[in-house]
Amino acid sequence: ALLGLIPWNFDPDVRALIRTGNVAYEMVRPLDLYTHWYCRAIAQRVAPTLLRCVPIFLLAGICFGMKAPPSLASGCAWALTTLAAILLNAAFMNLVTISLLWTLSGEGIIRAAPSVVLVFSGMLVPISFFPNGLQPLLNFLPFRDMVDVPFRTWLGQIPPTQIAPYIGHQLLWAGLLILVGRGLLARGTRRLVVEGG
């Protein structure tokens, strides 16, 4: 139901703008380019997911016995961790999109980024199955916050009373990726050369 929130497909319109050089038109508009792309990334994740998740949750609950979070507090904690994951995913998507300013086609990073997210977020292999030596690194990196934390909150494995550090970690990484993205975009647009007429 919530697969659309995961950053594995990137904005094709912005990719086309960068690839064709039409990003120059975006740069002369009276708006903050990073904020514009960030809001697009959020909208691209949230709008289709809302249309998809409500019927899937209803169907899974009625026909397949999917259970709601164990308590109202767990449900609220899940909503907060999901919101923080959306902010983090959009920041990650923006960072990958901005990296296209330095590549000719961008296909390499566009194909590699989703694989990294799927492996290190717990989507393919649960985080707890990784070797103990990797656990501190996986807990430090932001990928776990994109998928594992909201799902474990829904299941009640992370109690609502212990959710604050997890949300803080999500927001800290989102803020860090936003700062890095803004810096890279500012540097990239200062050095951008667009050929053609």
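The following paragraphs examine the structure supplied in this document. What you see is a predicted model, and the numbers here were worked out from it, not measured in a lab.

### Points about the overall build of the chain
1) Next: Counting secondary structure elements, the chain contains 8 helices and 0 strands.
2) Next: The order of α-helices and β-strands along the chain, N terminus first, is α-α-α-α-α-α-α-α.
3) Next: Taking the principal axes of the C-alpha coordinates as reference, the chain spans close to 60 × 40 × 25 Å.
4) Next: Long-range pairs, those at least 24 residues apart, make up 79% of the contacts in the chain between residues at least 6 apart in sequence.
5) Next: Approximately 10900 Å² of the chain is accessible, and the part contributed by carbon and sulfur atoms is 69%.

### Observations concerning helix α4 (residues 72–99)
1) Next: For α4, with 28 residues, the first-to-last C-alpha span of 41 Å sits near the 40 Å given by 1.5 Å per residue.
2) Next: By the criterion of burial, α4 is predominantly enclosed, with 20 of the 28 residues buried.

### What about the pattern of salt bridges?
1) Next: The final tally for this structure, using the stated rule, is 4 salt bridges.
2) Next: When the shortest N-O distance is used, the salt bridge between Asp 32 and Arg 182 registers 2.7 Å. Highlighted residues: Asp 32 in the loop between α2 (23–28) and α3 (33–63) and Arg 182 in helix α8 (residues 164–190), separated in sequence by 150 residues.
3) Next: Exposure remark for Asp 32: the relative accessible area of 37% places this residue in the partly exposed category.
4) Next: A salt bridge links Asp 148 to Arg 152; the shortest N-O distance between them is 3.6 Å. Of this pair, Asp 148 and Arg 152 both sit in helix α7 (residues 143–155), separated by 4 residues, roughly a single helical turn.
5) Next: Residue classification places Asp 148 among the buried positions, given a relative accessible area of 12%.
6) Next: What you see here is one network of salt bridges that share partners, running through Arg 144, Asp 148 and Arg 152.

### Notes on the packing of helix α1 (residues 12–20) against α3
1) Next: For the pair α1 and α3, the least separation of the axes is 10 Å and the interaxial angle reads 145 degrees. Where α1 approaches α3, its residues Pro 12, Asp 13, Val 14 and Ile 18 are matched on the opposing element by Trp 37, Arg 40 and Gln 44.
2) Next: Taken together, the residues of the contact of α1 with α3 break down into 4 nonpolar, 1 polar and 2 charged.

### Thoughts on the environment of Asn 139
1) Next: Its place among the elements puts Asn 139 in helix α6 (residues 135–140).
2) Next: Considering only alpha carbons, one finds Asn 139 and Phe 57, 82 residues apart in sequence, at a separation of 29 Å.
3) Next: The residues contacting Asn 139, other than those within four sequence positions of it, are Arg 144 and His 169.

### Some thoughts on the packing of aromatic side chains
1) Next: All chains considered together, the criterion is met by 7 aromatic pairs.
2) Next: Seen in terms of ring centroids, Phe 57 and Trp 78 are 6.4 Å apart; in terms of plane orientation they differ by 80 degrees. Their pairing is edge-to-face. Remark: Trp 78 occurs in helix α4 and Phe 57 occurs in helix α3; sequence separation between them is 21 residues.
3) Next: We classify Phe 57 as partly exposed; its relative accessible area is 24%.
4) Next: The exposure class of Trp 78 is buried, given its relative accessible area of 16%.
5) Next: Look at Phe 92 and Phe 143: their rings are 5.9 Å apart centre to centre, the planes differ by 85 degrees, and that puts the pair in the edge-to-face class. Placement of Phe 92 in helix α4 and of Phe 143 in helix α7 is noted, with a sequence separation of 51 residues between them. The same class applies to Phe 92 and to Phe 143, which are both buried.
6) Next: Here a set of aromatic residues connected by ring pairs shows up, and it is made of Phe 57, Trp 78 and Trp 154.

Calculation notes
- Residues numbered from 1 in each chain as written.
- Predicted model: local features only at pLDDT ≥ 70, side-chain atom pairs only at ≥ 80, totals over all residues.
- Heavy atoms only, no water.
- Helix = DSSP H or I, 4+ residues; strand = E, 2+ residues; numbered from the N terminus.
- Contact = heavy atoms within 4.5 Å.
- Areas by Shrake-Rupley, 256 points an atom, 1.4 Å probe, with all protein chains shown as cover.
- Expected span 1.5 Å × (residues − 1).
- Buried < 20%, exposed > 50% of the residue type's maximum accessible area, 1.4 Å probe, protein only.
- Salt bridge = Lys/Arg side-chain N within 4 Å of Asp/Glu carboxyl O.
- Axes fitted to C-alpha atoms, helices over the stretch in contact; angles between N-to-C directions.
- Nonpolar A, V, L, I, M, F, W, Y, C, P; charged D, E, K, R; others polar.
- Phe/Tyr/Trp six-rings, centres within 6.5 Å; stacked < 30°, edge-to-face > 60°.

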